[in-house]
Amino acid sequence: MRFSTRLLLVVLTCLMPVIVLEAWSEYTHWAERRAQLGDLSVQQAQLLNGDIGSITDGGRTLLGAVALLDDVRDVTAGCDDKLNAMLRSLPMFAFVARLDDHGEIRCGSASSPLWAAGAQPRWMREALEAKEFTIGRFSTAPGVNGGFLPMVLPLAANHAGDPGALVAGLDLAWLAEHLAQLRETGSRFLTDSALTVADRDGVVLARSPQHADFVGRQFPPNALELVKAAGPGVQRLRSIDGKYRVVGFVPAGRTATGLFVSVGFYEPAMMAEINRTALRGAALIAFVAIIAFVLTLFVARRFIGRPTRELVAAARRWREGDLATQVHSDDQASEFGQIAAAFNDMASTLARREEELREHADELEARVAERTQELLVTNNRLQVEITERQNTEAALVQAQKLQAVGQLAGGIAHDFNNLLATIQGNLDLLAQTAPPEQERQHRWIDRATGAVHRGSQLSGRLLAFSRRQRLSVDTTDVNKLISDLVPLLRTSTHGQRISIETSLSRDLWPAMIEPSQVEAAILNLALNARDAMPDGGLLTISTTNQPLQEKDEIAAGHYVAITVADTGMGMDEHVARRAFEPFFTTKGPSGTGLGLSQVQRMVREVKGAVRLSSSPGEGTSVTLLLPRATAIPRPEGAPAEPRRMRTDSKVLVVDDDPDVLQVSAEMLRQLGYCVATAAGGYEALEALVVQPAVVLLDYAMPAMTGLQVAAAMRERGFTGPIILATGYADLSETEQRELAALQGMLNKPYSIRDLEALLVQVEATTLQAAD
């Protein structure tokens, strides 16, 4: 009996590690799946937080766009219509309203909330106290079903001194529908989950499912602690609907929106299959252990001698994990032989079970990998959407910057041209007074005059860019324009191993264009070609005559073709198709995406067309088709000496810039005229007592513009010629008609020859009219 007991202990010792190992393996797998459930809930909560952040960013963008509307800021009659029109395309918002500093709705969409006179709800008081874009708390109001989440953007005082705020109410019913769609169309893990969004007080804003049962209700005390937690986490607790869930959450203090989001999984449902698998494994292990124990009791009394030692040795090897060991018996018909065969079968069964468990573990790992891949695909899709939204916002910011540049361009050009006018006038006076034999001084003056001319061209390009100066097309020698531009192109590509060649047609037709704009277009194309050849290459500029039959993009006729070709990296079909789209660029943050679109706009304004040809690795060729001019270009050179008429005439000069006023008066005195000056419109009207023969007026002056001064002079009986001088004038159609009634116009900066020629022309015209 003692020997059987010892043998039983040996067999049990061999079986126990296998049993414990299998039980620990099953428990470890179960615990890993349970821990992964918590990690999954936190990941889904963070994804949901990103989606809610996108919605609130949309509210910020909406209020920012509304704040730019003059009708809303100044509360005009069209304010309500503007807000209703914007709200029709944004179903997620219940209303948009503009509040004054007393909490009264000055204008709003048709769905704006209503309340009794004198009542002021908490959300409105918080809106009036907001200093920046703010997301409020759960709020309700008459006329808004289901409650709303206020988003507030404070407004500065308008021209009437009326500050206030813009409020957009996020429709919580819409938010609940959005959560329901995420459960249906998102990851399959969300199908049986509970998605919740709450404000910073723990009041439910939206929940799926059972939104109607819980909206506006505050979390129980155990859940309120999660709202103020230090960071994202996971808790197993009783949810607001009474079910115990694994809840992944992002607290309100760690989100950009100030809102609490959570994703709760019903743990029994998620763990059901894992629990069933674990129970089946435990039952099988218990069954095998019981069989081994019964067999051991059955054969324990019959172990003797060598067979006993062999069985003990085999059991020890099994305990060590060598389940391939077999017990050999000389007498297969004996009890020992049968017991040995039974233990051999047990070892084989354990080996097969271990293989099954290994296969099951591999299958479970494959399923986890598959689910992880699904989560990665969903996350990648969200990242793509976020990137697209960021690109759209960046394009909007770039457009706003360009709009601001356009608004500043006119004022900069006016001041810049006044400075150039002062410099040009003084240079002319120096040229008039310097002795002819001082050639060195004359060369200095000529170089400075050329710089003033280039500055004037730069100012004209700035005005054209800001669309405050109409294109002034003229008959142009394109070959000469390109020849003059090539030195600048060589400077811009210096040090980059880029060769520039030109192939200019000898019998090229003249073109009807704005020279400065075509120069800017060729320079733009050359810079694009430079960027496309980082390792160097060849840039070719060629011109040809191009008769065309009528096509879709251009009318039939004769055109001058300018082709800019490079040997760079080229474009694929997708990039070439979008090359002329505004804001489309392949240069990353350094590119604006406006270069080719501006070239196309300029060419189309002169009734021309742009053609692009490109292939990856074979370079790019851009051809500008410009309309042929019928007239011959005017030859450049010194203007003819004007025929002087009268030098005793009195000229009244009016300009608010003292430097321009002084230099203009000095030039007139140098020409032999008598000069009277005035620093503004009212002073000019008083100076009419000197009875000037000609009046030279600046356009942009404080109090009264040049056109207004001219009209006042006519009303006071002045009938002499009036000349308007301007560095920049964004004139309306009415002002342009008034300008046409004057006798002349000078564009700053003007030279003493320009001034003399115009005065002679005006005096000649006046004498002819008198005859």
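The preceding data block contains the structure.
### Observations regarding the state of the cysteines
If you walk through the whole model with that rule in mind, you get 1 disulfide. A sulfur-sulfur separation of 1.9 Å characterises the disulfide bridge that pairs cysteine 79 with cysteine 107. Residue cysteine 79 is located in helix H3 (residues 79-88), and its partner cysteine 107 is located in strand E2 (residues 105-108); the two are separated by 28 residues in the primary sequence. Residue cysteine 107 is classed as buried on the basis of its relative accessible area, which comes to 4%.

### Considerations on the pairing of strand E18 (residues 620-627)
E18 sits mainly inside the fold: 7 of its 8 residues count as buried. Where strand E16 (residues 557-566) meets E18, 7 bridges bridge the pair, whose relative direction is antiparallel. Within E18, the position partnered with isoleucine 562 by the bridge is leucine 624. When strand E17 (residues 609-614) meets E18, the two strands line up antiparallel, connected through 6 bridges. Looking at the pairing, alanine 609 lines up with leucine 625 of E18. Here E17 hands over to E18 after 5 residues, with glycine 617 in that stretch at a positive phi of 80°.

### Here's the deal with the packing of aromatic side chains
Going through the model one piece at a time under the given rule, you end up with 3 aromatic pairs. Relative to phenylalanine 148, the ring of phenylalanine 95 has its centre 5.0 Å away and its plane inclined at 80°; by these criteria the two rings are edge-to-face. Here phenylalanine 148 lies in strand E5 (residues 144-155) and phenylalanine 95 lies in strand E1 (residues 93-100), a separation of 53 residues in the sequence. The class of phenylalanine 95 is buried, set by a relative accessible area of 0%. Classification of phenylalanine 148 by relative accessible area gives buried; the value is 0%.

### Considerations on the nonpolar core
Counting 46 residues, the largest nonpolar core has Ile52, Phe93, Leu170 and Leu175 as its most contacted members. The dominant element in this core, judged by the number of residues it contributes, is helix H1 (residues 2-67), at 10 residues. Setting aside residues no more than four positions away along its own chain, leucine 175 makes contact with Ile52, Ile55, Leu170 and Ala206. With 37 residues, the next largest nonpolar core counts Met533, Val560, Met602 and Val622 among its residues.

### Quick notes on the side chain of asparagine 479
Its location among the elements puts asparagine 479 in helix H12 (residues 478-492). Only 2.7 Å separates the side chain of asparagine 479 from the backbone oxygen of serine 505, close enough to count as a polar contact. One polar contact links asparagine 479 to threonine 543, side chain to side chain, over a distance of 2.9 Å.

### A short note on the pattern of salt bridges
In total, this model carries 9 salt bridges according to the counting rule given. Salt-bridge contacts for aspartate 201 lead to arginine 137; the nearest nitrogen and oxygen are separated by 2.6 Å. With aspartate 201 in the loop between strand E7 (194-198) and strand E8 (204-208) and arginine 137 in the loop between strand E3 (134-135) and strand E4 (139-141), this residue pair connects regions lying 64 residues apart in the sequence. Among the residues examined, aspartate 201 registers a relative accessible area of 27% and is labelled partly exposed. With its nearest N and O atoms 3.0 Å apart, the salt bridge here joins lysine 748 to aspartate 655. With lysine 748 in the loop between strand E23 (744-747) and helix H20 (752-770) and aspartate 655 in the loop between strand E19 (650-654) and helix H16 (658-670), this pair connects stretches of sequence that are 93 residues apart. Of the two residues examined, lysine 748 and aspartate 655, each falls in the buried class. Each of Asp655, Asp698 and Lys748 takes part in salt bridges that share partners, so that together they form one network.

### A word on the sheet that holds E17
Pairing is mixed across the open sheet formed by 5 strands, whose spatial order is E13-E15-E16-E18-E17. With partners counted over all chains shown, the strands left at the sheet margins are strand E13 (498-504) and E17, one partner each. Averaged over all pairs of adjacent strands, the angle between strand axes in this sheet comes to 20°, irrespective of strand direction. Against the sheet, H12 engages E13, strand E15 (537-548) and E16, with an angle of about 175° to E13.

### Remarks on the sheet that holds E23
The parallel open sheet is built from 5 strands, whose spatial order is E20-E19-E21-E22-E23. Whereas interior strands pair on both sides, the edge strands pair on one side only; in this sheet they are strand E20 (674-678) and E23. If you compare each strand with its neighbour and ignore which way they point, the axes differ by 20° on average. Sheet topology places E19 next to strand E21 (residues 694-698); 4 bridges connect them, and they run parallel. Directly across from leucine 652, in E21, lies its bridge partner valine 695. Against the sheet, H16 contacts E19 and E20, and its axis sits at roughly 170° relative to E20.

### Looking at H3
Of the residues making up H3, those classed as buried are Cys79, Leu83 and Leu87. Down the axis of H3, the sector holding all buried residues measures 60°, keeping them to one side. Exposed and facing more than 90 degrees away from the buried side of H3 are Asp81 and Arg88.

Reading guide: rules and limits
- Residue numbering note: each chain is counted from 1, following its sequence as written.
- Owing to the predicted nature of the model, reporting of local features is limited to residues with pLDDT of at least 70; listing and counting of side-chain atom pairs is limited to 80 or more, with chain, interface and lining totals taken over all residues.
- To obtain the side-chain values, all non-hydrogen atoms of the structure were used and water was disregarded.
- Two cysteine sulfurs form what is called a disulfide whenever their separation falls within 2.5 Å.
- To qualify as a helix, a DSSP run of H or I must reach at least 4 residues; to qualify as a strand, a run of E must reach at least 2; elements of each kind are numbered from the N terminus.
- The cut-offs for exposure are 20% and 50% of the maximum accessible area for each residue type, with area from a 1.4 Å probe on protein chains only; residues under the lower value are buried, those over the upper are exposed, and the others partly exposed.
- The pairing criterion for strands is at least two bridges between them, as found by DSSP.
- Working definition: a ring pair exists when centres of Phe, Tyr or Trp rings (six-membered ring for Trp) sit within 6.5 Å. Plane angles under 30 degrees give stacked, over 60 give edge-to-face, the rest tilted.
- Among buried residues, those of type Ala, Val, Leu, Ile, Met, Phe, Trp, Tyr and Cys that are joined through side-chain atoms within 4.5 Å constitute a nonpolar core.
- Residue contacts follow a heavy-atom distance rule, with two residues in contact if any of their heavy atoms lie within 4.5 Å.
- Pairs of N or O atoms are called polar contacts if they sit within 3.5 Å, as long as, within protein, a hydrogen donor faces a hydrogen acceptor (for residues adjacent in sequence, only side-chain-to-side-chain pairs).
- One side-chain nitrogen of Lys or Arg within 4 Å of one carboxyl oxygen of Asp or Glu is enough to make a salt bridge.
- Note on definitions: angles span 0 to 180 degrees between N-to-C directions of axes, and those axes are lines fitted to C-alpha atoms, for helices only across the stretch in contact.
- Directions from the helix axis toward the C-beta atoms define the arc.

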